[in-house]
Structures are given as structure tokens and as C-alpha cells.
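Examining the three-dimensional arrangement
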Amino acid sequence: MAANILIVEDETSILELIALNLQQAGFNPIRAINAEYADNIVKETVPDLIVLDWMLPGMNGIEFLKRLRGNSLTKKIPVIMLTAKSEEDNKIMGLNAGADDYLTKPFSPRELVARIKALLRGRSPELIDEPITISELNLNPQTHQVQVDDKLIKVGPTEFKLLHFFMKNTEIVFSRNQIINKIWGNNYDVDERTVDVHIKRLRKNLAEVGKNKLIHTIRGFGYKFSEK
Ligand code: CA
């Protein structure tokens, strides 16, 4: 699931530049050209993060930030403030008002994306779907592809979830019950045997590229994903 990121910026060229870069980074950008408009959007859907310009016509960024922080529904949304002002006291004012991070214009879009990822990683890591490569095995959560070099491996949806989970949690032994909770959730009636069936399928998929040994059976406990 892509993170919804609200961009509040009155300069349309900057707004579009940010939106484009966020989209390329796998996020879902939501555009607002002023704080009043952003306020209406936030009332409908709470975004996962807000990139907020300081100088806005009408309600300015700081006023909007204070409004967000004063509302129980929005007070925890991570906010990165943008400003042309580089003075230290403005930075302190922004952070005092509750901004989580701060970028001075002109900034590089790559830097902004890196800061967004850092904030989301701390708050909601599940929203960052970055490709992972371990021992030449590459998994891309956005394209749902698994490959080694140019060779694509066919993997079913459950096996994909399993592999993604393992690759994000290498070297950790998981019991079959823990795997059930992580992959199927508590609401499903799945028994431990089902886990073994899907692990077997996943190993078969990985065997096509000689990577089946990455999944280790830990006798009496469960499974782990390890390069060793
Ligand atoms: Ca502005």
C-alpha cells in the first residue's frame, strides 16, 4: 500500500516537482495549493505524512500546523516544513509548532524523499515498500516481481508475502504460529500444516534459481531466512 502524502504548496511548479518525485518513489501524492484546501482534504482522509510550505496565501503553514496539532485525529501526522527562510529562529519556531523535520528552499527532491522515508520508517515502516536484494535475489513490492539478475521467478501471492516478510526479517527464527499471524492475520483459520505447504512451494519457486537454501528449517521451532 502506497503512503498518502499531502503536499501543501502554493507555487505550482514546486508542487508538481514534489508530486512527481513522490510518485516515482512509490508514494501517492495529494496536492493542495493552500492551507484551507489542505484542511478540507485532511477532514476527509488523514494522510500518512504532510509536506507543508511555510509561506502560503491565507492561512500560513505554521497556523495550519498548529491546527493539525490541536486536533486529536491529526496531531500525530508527521509534518515536514518547507521554507525559503533560512534563519535559525524560523527553524526553531517551526519545530516548536510541532514540525517533525524542516527543509530550506531550494532543496533537492531526492533529499526530501529521503527525509520522508526516514520519518515513515520510524512511524509506519509498512508503508515503505522498497525493493530488497539479498544474495542476488531481488524482490520488488511495487511490481510484485521476484528475480535473480534478469530471470523472473513465478511466485504465488501467498508465497510472495511470505518471501517479502522473510526478506525484511532475515536471521530471525519464526514459529509457524508467528508466520500465520504475520501473513494471514488472526482472523483466518489457518493451521500450521498450511505454513509448511506454502514454504514448500516457495522453496520450489526459489529452487529454479538455486536460492531455495535461503529458507532454513529450524527443527522444533519454525523457519528463518538466512544467507548463512
Ligand atoms: Ca509559498
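Here the structure is a predicted model, which is why all the values come from computation and not from measurement.

The next subject is the coordination of the calcium ion. Four donors placed tetrahedrally about a metal ideally form angles of 109.5 degrees, and six donors placed octahedrally ideally form angles of 90 or 180 degrees. Binding of the calcium ion to the protein goes through D10 (OD), D53 (OD) and M55 (O), at separations of 2.1 to 2.3 Å. Along the chain, the residues that donate to the calcium ion are spaced as D-x42-D-x1-M. Exposure remark for M55: the relative accessible area of 49% places this residue in the partly exposed category.

Core analysis: the biggest nonpolar cluster contains 28 residues, and L137, L163, F166, M167, I179 and F225 have the highest contact counts within it. Put simply, the parts of the chain that give this core at least two residues each are β6 (132–134), β7 (137–140), β8 (145–148), α6 (157–168), α7 (176–183), α8 (192–207) and β12 (222–225). Setting aside chain neighbours within four positions, we find F166 in contact with F174, I179, I199, Y223, K224 and F225.

Before going further, it helps to examine the sheet that holds β8. Read from one edge of the open sheet, four strands run β6-β7-β8-β9, paired in antiparallel fashion. Single-partner strands in this sheet number two, and they are β6 and β9 (151–153). Shown here is a sheet whose adjacent strand axes are inclined to one another by a mean of 25°, direction ignored. Pairing between β7 and β8: four bridges, direction antiparallel. Looking at the pairing, L137 lines up with V148 of β8. Seen against the sheet, α6 touches β6, β7 and β8 and runs at an angle of roughly 115° to β7.

The next point concerns the sheet that holds strand β1 (residues 4–8). Taken in spatial order, the five strands line up as β2-β1-β3-β4-β5 in an open sheet, and their pairing is parallel. The sheet is open, and its two borders are formed by β2 (28–32) and β5 (101–104), each paired with just one other strand. Sheet twist, expressed as the mean angle between neighbouring strand axes with direction ignored, is 20°. Note: β1 against β2, five bridges, orientation parallel.

Each value, and the rule that gives it
Residues numbered from 1 in each chain as written. Predicted model: local features only at pLDDT ≥ 70, side-chain atom pairs only at ≥ 80, totals over all residues. Heavy atoms only, no water. Donors = N, O, S within 2.8 Å, 3.2 Å for Na, K, Ca; no water. Buried < 20%, exposed > 50% of the residue type's maximum accessible area, 1.4 Å probe, protein only. Core = buried A, V, L, I, M, F, W, Y, C linked by side-chain atoms within 4.5 Å. Helix = DSSP H or I, 4+ residues; strand = E, 2+ residues; numbered from the N terminus. Contact = heavy atoms within 4.5 Å. Pairing = 2+ DSSP bridges. Axes fitted to C-alpha atoms, helices over the stretch in contact; angles between N-to-C directions.

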